[in-house]
Amino acid sequence: MQELREKTPVGTGAASGIGRALARRLAQEQMQLVLADIAAQPLAELERELRNGDHLCQAVVTDVSLASDVEELARKAQESFGKVHLLVNNAGVSRHTGQAIWEVPPVDWDWLLGVNFLGVVHGLRAFVPAMLAHGESAHVVNAVSYAGLICGGGAYGATKQALISLTESLLFDLRRHGSEIGVTCLCPGLVDTAIVESERVRPARWKREPACEPPEWVAYRQNIAEATRRLGVRPEVLAEDILQAIRQNTFYLLNEPAGSEIGERLSCLQSGRAPCAPPRPSQSARRLNSSS
């Protein structure tokens with residue numbers, strides 16, 4: 001997808017982090033933006049910023065875990081700008097506590113799967129048929145995570161590994177239907193965003209009881225947040241990488257060289273050995289930073 005000017009992208013999770021940085025970058029390409037997020041106030045602020053810069057922009061408050069919300073997003077995008085050419089399924093949440101996988105309660109699984117996996121499914125169902133129908137150059141970006149490529153990512157990593165399989169299947173299905181729509185499976189390492197603070201946008205229907213957390217959970221999350229702030233890649237840098245991936249039709253996009261964890265996992269698959277324990281968040285962050 002080479003020509004972006006006056007084309008329409010739809011991006012979820014647009015109010016912060018990677019989504020916000022990419023929205024600003026795509027605005028520079030004179031695209032007609034449709035931005036979605038569950039956080040109404042920062043989304044409205046971004047819309048106002050872009051419109052003040054004379055960019056065409058439509059913001060839609062959207063809970064991607066609800067198929068009806070995503071279908072309404074597609075309807076409003078069509079009403080505002082007509083054909084959609086770029087779909088960026090970027091919305092994602094995390095729940096870092098250090099709990100064992102069997103200790104994660106159903107309400108947390110429902111939230112993580114609802115946003116990280118089903119949110120993308122809803123996006124594909126709502127937008128891909130129309131992209132196929134108009135037949136113009138188009139592209140889909142699914143924001144996954146490096147955690148989807150390695151072992152031991154807990155509940156969050158499980159949702160991201162599922163999303164990699166979904167994105168690969170999307171590519172195969174598009175080609176099987178004779179479509180050249182591009183697909184990018186975005187698998188970044190640490191990025192300096194507020195995803196560790198996802199609780200701030202957790203819908204009431206998935207609130208945990210009791211709300212207070214054990215000190216060890218708080219400490220675990222603070223460790224990840226600190227590593228992310230110190231060593232994470234700036235979202236603006238990743239936004240530039242995503243733009244190039246769209247133009248070059250890159251499928252797997254890692255913002256860091258593939259680490260030893262991926263090679264070790266492949267070796268284990270070939271030999272039948274059990275996988276090695278994953279690195280601690282700060283150790284993983286340090287390795288990623290030193291490889292850049």
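Look up a bit, the structure's there.
Residues numbered from 1 in each chain as written. Predicted model: local features only at pLDDT ≥ 70, side-chain atom pairs only at ≥ 80, totals over all residues. Heavy atoms only, no water.

This paragraph deals with the sheet that holds strand E6 (residues 182–186). Spatial ordering of the open sheet is given by E3-E2-E1-E4-E5-E6-E7, a layout of 7 strands whose pairing is parallel. Here the strands that pair on one side only, and so sit at the sheet edges, are strand E3 (57–61) and strand E7 (252–253). Where strand E1 (residues 9–11) and strand E4 (residues 86–89) come together, 3 bridges link them in parallel fashion. Counterpart to Pro9 in the pairing with E4 is Leu86. (Pairing = 2+ DSSP bridges. Helix = DSSP H or I, 4+ residues; strand = E, 2+ residues; numbered from the N terminus.)

Two quantities define a packed helix pair, namely the angle between the axes and the distance from one axis to the other. At a minimum axis distance of 8 Å, the contact between helix H1 (residues 17–28) and helix H7 (residues 235–248) shows a crossing angle of 60°. If you check the angle between H1 and H7, you find them oblique. Crossing angle aside, the handedness with which H1 passes H7 is right-handed. Residues Gly17, Ile18, Ala21, Leu22, Arg25 and Leu26 of H1 pack against Pro235, Glu236, Leu238, Ala239, Glu240, Ile242 and Leu243 of H7. When its residues are assigned to classes, the contact of H1 with H7 shows 9 nonpolar, 1 polar and 3 charged. (Axes fitted to C-alpha atoms, helices over the stretch in contact; angles between N-to-C directions. Parallel < 35°, antiparallel > 145°, perpendicular 65-115°, else oblique. Left-handed = near helix turned anticlockwise from the far one by under 90°. Contact = heavy atoms within 4.5 Å. Nonpolar A, V, L, I, M, F, W, Y, C, P; charged D, E, K, R; others polar.)

With that settled, consider the pattern of salt bridges. The final tally for this structure, using the stated rule, is 22 salt bridges. Here Asp63 ties to Arg205 by a salt bridge, and the two come within 3.1 Å at their closest N and O atoms. Here Arg205 lies in the loop between E6 and helix H6 (215–231) and Asp63 lies in the loop between E3 and helix H3 (67–81), a separation of 142 residues in the sequence. Using a relative accessible area of 42% as the deciding quantity, one classes Arg205 as partly exposed. Between Asp173 and Arg176 there is a salt bridge; the shortest N-O distance is 3.2 Å. You can see Asp173 and its partner Arg176 sitting in helix H5 (residues 154–176), 3 residues apart, about one turn around the helix. Bridged by salt links that share partners, the residues Arg95, Asp108, Glu199, Arg202, Glu213 and Arg221 form one connected network. (Salt bridge = Lys/Arg side-chain N within 4 Å of Asp/Glu carboxyl O. Buried < 20%, exposed > 50% of the residue type's maximum accessible area, 1.4 Å probe, protein only.)

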